[in-house]
Amino acid sequence: MARDCCSVAVFVVLWWSSIQCFGTLPGNTRPTTTARPALSEGTLLLLQTINEIDDAEKRMNALHALLEKEIDVLKAEKERDVFRLNKLEEDLLRAKGLMTARGVFERVVQLAFNEQKVKNKVKGKCNIANTLPIICDNPQAGRFS
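This one's a predicted model, so the numbers in the text were calculated from it and none came from an experiment.

*Asks:* Could you clarify how one ought to interpret helix α4 (residues 101–118) in this entry?
*Replies:* Because each turn of an α-helix spans 3.6 residues, side chains separated by three or four positions in sequence point in the same direction. An ideal rise of 1.5 Å per residue puts 26 Å on 18 residues; α4 measures up with 26 Å between its terminal C-alpha atoms. Turning to α4, its buried residues are Gly103, Val109, Ala112, Phe113, Glu115 and Gln116. With its phi angle positive at about 60 degrees, asparagine 120 sits one or two positions after the end of α4.

*Asks:* Would you mind going over the side chain of threonine 131 with me for this structure?
*Replies:* Tracing the chain through its elements places threonine 131 in helix α5 (residues 128–137). Judged by its relative accessible area of 2%, threonine 131 falls in the buried class. Here asparagine 127 takes part through its backbone oxygen, which lies 2.6 Å from a polar atom of the side chain of threonine 131. If near-sequence neighbours (up to four positions away) are discounted, threonine 131 is found in contact with Val109, Phe113 and Cys126.

*Asks:* Looking at this model, I keep getting lost on the pattern of salt bridges. Mind explaining?
*Replies:* It is possible for side chains of opposite charge to pair when their charged atoms get near one another. Scanning all chains against the criterion turns up 2 salt bridges. Notably, a salt bridge pairs aspartate 81 with arginine 84, separated by 3.9 Å at the nearest N-O pair. In this pair, aspartate 81 and arginine 84 both sit in helix α3 (residues 56–98), 3 residues apart, roughly one turn of the helix. In this structure aspartate 81 comes out as partly exposed when scored by relative accessible area, which is 44%. Residues glutamate 106 and arginine 102 are paired through a salt bridge, measuring 2.8 Å at the closest nitrogen-oxygen approach. On the criterion of helical spacing, the pair formed by glutamate 106 and arginine 102 is a turn pair, its members being 4 residues apart in helix α4. Of the residues examined, arginine 102 reaches a relative accessible area of 61% and is grouped as exposed.

Rules used throughout
Residues numbered from 1 in each chain as written. Predicted model: local features only at pLDDT ≥ 70, side-chain atom pairs only at ≥ 80, totals over all residues. Heavy atoms only, no water. Helix = DSSP H or I, 4+ residues; strand = E, 2+ residues; numbered from the N terminus. Expected span 1.5 Å × (residues − 1). Buried < 20%, exposed > 50% of the residue type's maximum accessible area, 1.4 Å probe, protein only. Polar contact = N/O pair within 3.5 Å; in protein donor to acceptor, adjacent residues only side chain to side chain. Contact = heavy atoms within 4.5 Å. Salt bridge = Lys/Arg side-chain N within 4 Å of Asp/Glu carboxyl O.

Written as structure tokens, this is what we have:
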């Protein structure tokens, strides 16, 4: 019996110290952050103003207008994020191409083609096979020529 009292006493002491250390009861844990972003002060002020409207139909119309505005903002943010993702993917593919000797060679020829284009020596798109003879004919177009 004495052994059971000691083990219970040790459990109670450990439990009580965990409450003091962590500040909450073990079964009373709650998430500290939410998945939703916090509302801006302007949106909170609008919501408070909408809640003060007495007529239910006017309140619903105001909420719908606010939600439409929020949807437009979220769509604009999504478009911006998609653009950034596409740009990152493009940069990644460009970096992968530059990791090979052929990719480096093609990039240098492409830069030389752009220099020749500025000097009005070539027209159209960069074709590696057609660009190399033109670069040899006009080597003073720039530092890559």
